[in-house]
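Given next are the chains, with one letter for each unit.
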Protein chains: 4
Amino acid sequence: MPLANVTVIPLGTGSPSLSKYIAECVKEIEASGIKHTLTPFGSILEGELDEIFAVIKKIHEIPFKMGVKRVATLINIDDRRDKKASAEQKLRSVENRLKTLE
Amino acid sequence: MPLANVTVIPLGTGSPSLSKYIAECVKEIEASGIKHTLTPFGSILEGELDEIFAVIKKIHEIPFKMGVKRVATLINIDDRRDKKASAEQKLRSVENRLKTLE
Amino acid sequence: MPLANVTVIPLGTGSPSLSKYIAECVKEIEASGIKHTLTPFGSILEGELDEIFAVIKKIHEIPFKMGVKRVATLINIDDRRDKKASAEQKLRSVENRLKTLE
Amino acid sequence: MPLANVTVIPLGTGSPSLSKYIAECVKEIEASGIKHTLTPFGSILEGELDEIFAVIKKIHEIPFKMGVKRVATLINIDDRRDKKASAEQKLRSVENRLKTLE
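Bear in mind that the values here come from a model prediction, so they are computed numbers and not experimental data. (Residues numbered from 1 in each chain as written. Chains lettered and ligands numbered in written order. Predicted model: local features only at pLDDT ≥ 70, side-chain atom pairs only at ≥ 80, totals over all residues.)

Student: Can you explain the overall build of chain A? Please cite residues and give values.
Tutor: Broken down by element type, chain A carries 3 helices and 4 strands. Ordered by position from N to C terminus, the α and β elements of chain A give β-α-β-β-α-β-α. Dimensions of chain A, computed from the C-alpha atoms along their principal axes, are close to 50 × 30 × 20 Å. Buried residues in chain A amount to 47% of all 102 residues. Taking as baseline every contact in chain A between residues at least 6 positions apart, the subset at least 24 positions apart corresponds to 69%. (Helix = DSSP H or I, 4+ residues; strand = E, 2+ residues; numbered from the N terminus. Buried ≥ 20, exposed ≤ 12 C-beta atoms within 10 Å, placed from the backbone. Contact = placed C-beta atoms within 7 Å.)

Student: Kindly report on the interface of chain A and chain C, identifying the contributing residues and their values.
Tutor: Chain A puts 26 residues into the contact, and the matching count from chain C is 26 residues. Looking at the side of chain A that touches chain C, the elements with two or more residues in it are β1 (3-11), α1 (19-32), β2 (35-39), β4 (70-80) and α3 (87-101) of chain A. Looking at the side of chain A that touches chain C element by element, the count peaks at 8 residues for α3(A). By residue class, the composition of the side of chain A that touches chain C is 14 nonpolar, 5 polar and 7 charged. (Nonpolar A, V, L, I, M, F, W, Y, C, P; charged D, E, K, R; others polar.)

Student: An account of the sheet that holds strand β3 (residues 42-46) of chain A is needed here, citing residue identities and associated values.
Tutor: On the basis of which strands lie adjacent, the open sheet formed by 8 strands has the order β2(A)-β3(A)-β1(A)-β4(A)-β4(B)-β1(B)-β3(B)-β2(B) and antiparallel pairing. One side of each edge strand has no neighbouring strand; the edge strands of this open sheet are β2 of chain A together with β2 (35-39) of chain B. The sheet shows a mean angle of 20° between the axes of neighbouring strands, direction not considered. Looking at chain direction, β4(A) and strand β4 (residues 70-80) of chain B are connected through 11 bridges and run antiparallel. The partner of Asp79(A) across the bridge, within β4(B), is Val71(B). Packing against the sheet, α1(A) makes contact with β1, β2 and β3 of chain A, and its axis sits at approximately 145° to β1(A). (Pairing = 2+ DSSP bridges. Axes fitted to C-alpha atoms, helices over the stretch in contact; angles between N-to-C directions.)

Student: Describe the relation of the copies chain A and chain C, naming the residues involved and giving the relevant values.
Tutor: The two chain copies are connected by a rotation around an axis plus a translation along it. Taken as rigid bodies, chain A and chain C are interconverted by a rotation of 180° and an axial shift of 0.0 Å, the fit giving an RMSD of 0.0 Å. Taken together, the rotation and translation relating the two chain copies correspond to the operation of a two-fold axis. The C-alpha atom lying nearest the rotation axis in chain A is that of Thr39(A); the distance is 3.9 Å. A shared interface surface links the copies, since 100% of the contact residues of chain A are contact residues in chain C too. (Least-squares fit on C-alpha atoms with pLDDT ≥ 70 in both.)

Student: Explain the sheet that holds strand β3 (residues 42-46) of chain C to me, and be specific about the residues and the numbers.
Tutor: Paired through backbone hydrogen bonds, the strands of a sheet run either parallel or antiparallel to each other. Here 8 strands make up an open sheet; going across it, the order is β2(C)-β3(C)-β1(C)-β4(C)-β4(D)-β1(D)-β3(D)-β2(D) and the pairing antiparallel. Of all strands in the sheet, those bounded by a partner on one side alone are β2 (35-39) of chain C together with β2 (35-39) of chain D. Each strand of the sheet is rotated relative to its neighbour by a mean of 20°, with strand direction disregarded.

Student: Can you break down the nonpolar core residue by residue, with the values?
Tutor: If you look at the biggest cluster of nonpolar residues, it comprises 116 residues, and the most contacted ones within it are Cys25(A), Cys25(B), Cys25(C) and Cys25(D). When near neighbours in sequence (up to four residues on either side) are disregarded, Cys25(D) contacts Val8(D), Ile59(D) and Ile62(D). (Core = buried A, V, L, I, M, F, W, Y, C linked by C-beta atoms within 7 Å.)

Student: Residues and numbers for the environment of Thr39(A), please.
Tutor: Considering the arrangement of structural elements, one finds Thr39(A) in strand β2. For Thr39(A), a count of 20 C-beta atoms within 10 Å corresponds to the buried category. Among residues more than four places away in sequence, those in contact with Thr39(A) are Ile44(A) and Thr39(C).

Student: Summarise the interface of chain D and chain A; cite the residues concerned and give the values.
Tutor: The interface of chain D with chain A comprises 11 residues on the first partner and 11 residues on the second. Going through the elements one at a time, β1 (3-11) and β4 (70-80) of chain D are the ones with two or more residues in the side of chain D that touches chain A. Taken together, the residues of the side of chain D that touches chain A break down into 5 nonpolar, 4 polar and 2 charged.

Student: Run through the pairing of β2(B), naming residues and quoting values.
Tutor: Pairing of β2(B) with strand β3 (residues 42-46) of chain B, which is carried by 5 bridges, proceeds in the antiparallel orientation. Bridging from a neighbouring strand, Lys35(B) pairs with Glu46(B) of β3(B).

Distances and angles like these do not, on their own, reveal function.
Structural data, given as C-alpha cells:
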C-alpha cells in the first residue's frame, strides 16, 4: 500500500502562522478515516492511491473555503510492491539497520 | 486552473539511467491530451485537479508495468484562483518583473 | 531557527530496499550533533542554515561512497522569524488548534 | 555536476502574487554567475554543491529582506556521477528515447 506525505501550503494569507488552516486539513483527514500521522512537515497518509488522492483533493480545497486565493500542495508518494511497507515498518527498518551499525 | 509539476522516480532499477521509464511516462502524458511541458525535473501538467490526478495515477503505474518494484512520485501543485495563471503566464510574470529591476 | 526535512534517495541500486543507505545517513546525522527527528519520509533537521547544509552535503555523499552512481536529495526548508518555532512547537501548535475545533 | 531545482516560497505576504519576490531571487541568481534556467516551478541551478548551496542561501534570504516573516524553500538535487549530465542533456535524453517509442 502506498504512503504519501502531503503538505498543504496556503499562500498570501497575511500572517506567517498557518496552523488554523492546517488544523482544518487534519480534521478533514481524521474524518476521512484514512490511516495517517501528523509530522512537522505535513501528514503521512496510508491507503490506496485513489483514497489518498480523494483525501488530498479535499484538504487542498480547505484553505480556499477559508478565503485563501492561492494554495501550493506538495505530495511525496512512496509505493513499494515487493513487500508490505507501512510508515511504521519503514521507520523501524531504518532503526533496526542503525542498531547493527552502532 | 491548477498547475502541477510531477516527477516519477523508479527506485532500485539497477542503472542510474532512468530515461527509458521517463519516456514511457511522457508518452502516456501526451496520449492523455492534457496540456504539459517537459522540464529536466519532471513534467508540468495544466488542467483540473481530477484530470491531473488521473494522469499522475497512470504514469506512476508505468515503471511497475516495466518491472520496477518501488516508485517515488513527487507532485507540486500550484493552484491560484484570483486570476488565470497558466505555466507560461507564471513564467512571463517573473520575467516582466525582472525587466523592471534591471 | 530553520527546520529542514531532508530525504536522500539513492537511484539505480538494484534493490527496492534503501534502508542500508538511509541508516548510514542517519548515523552521520547523529554524529554531527544537530537536533534531528527521523520520520518515514526523511529526517527533520533543526539548526542554522549553514549547519543544515553542511550535514546535508555529508549525507548526500554517503550513497556515492557506498557505490551508488546517482542520488536525488530532496530538501524542504521551513524558516520562520517572527517567533521561535521548533519542530515540536510547530506540531503542537496544530494539535492545539485541532482541539479547539473538536 | 549536480543539478538542483529550487523554489523559494514567501509565506503570509498578504497577496497571492509572489512574482516581485521571485524576480529579486532570479536577479540574485543571475548576479551569482551560476548556470541556471527559470521554469514555472522554480530555477534549475547547475554547479558544484557548494556553489548551489551558496546561491540558495542568498535567495532564501531575499524575501526576509523584503519584510516577509516566513519562507519555505524547496530543493530537489539530482546528482549523477557515471556520466556528464547537464539539464539540457537530461531533457534531450528523454526526448530522444521518446522518438524511438513513436
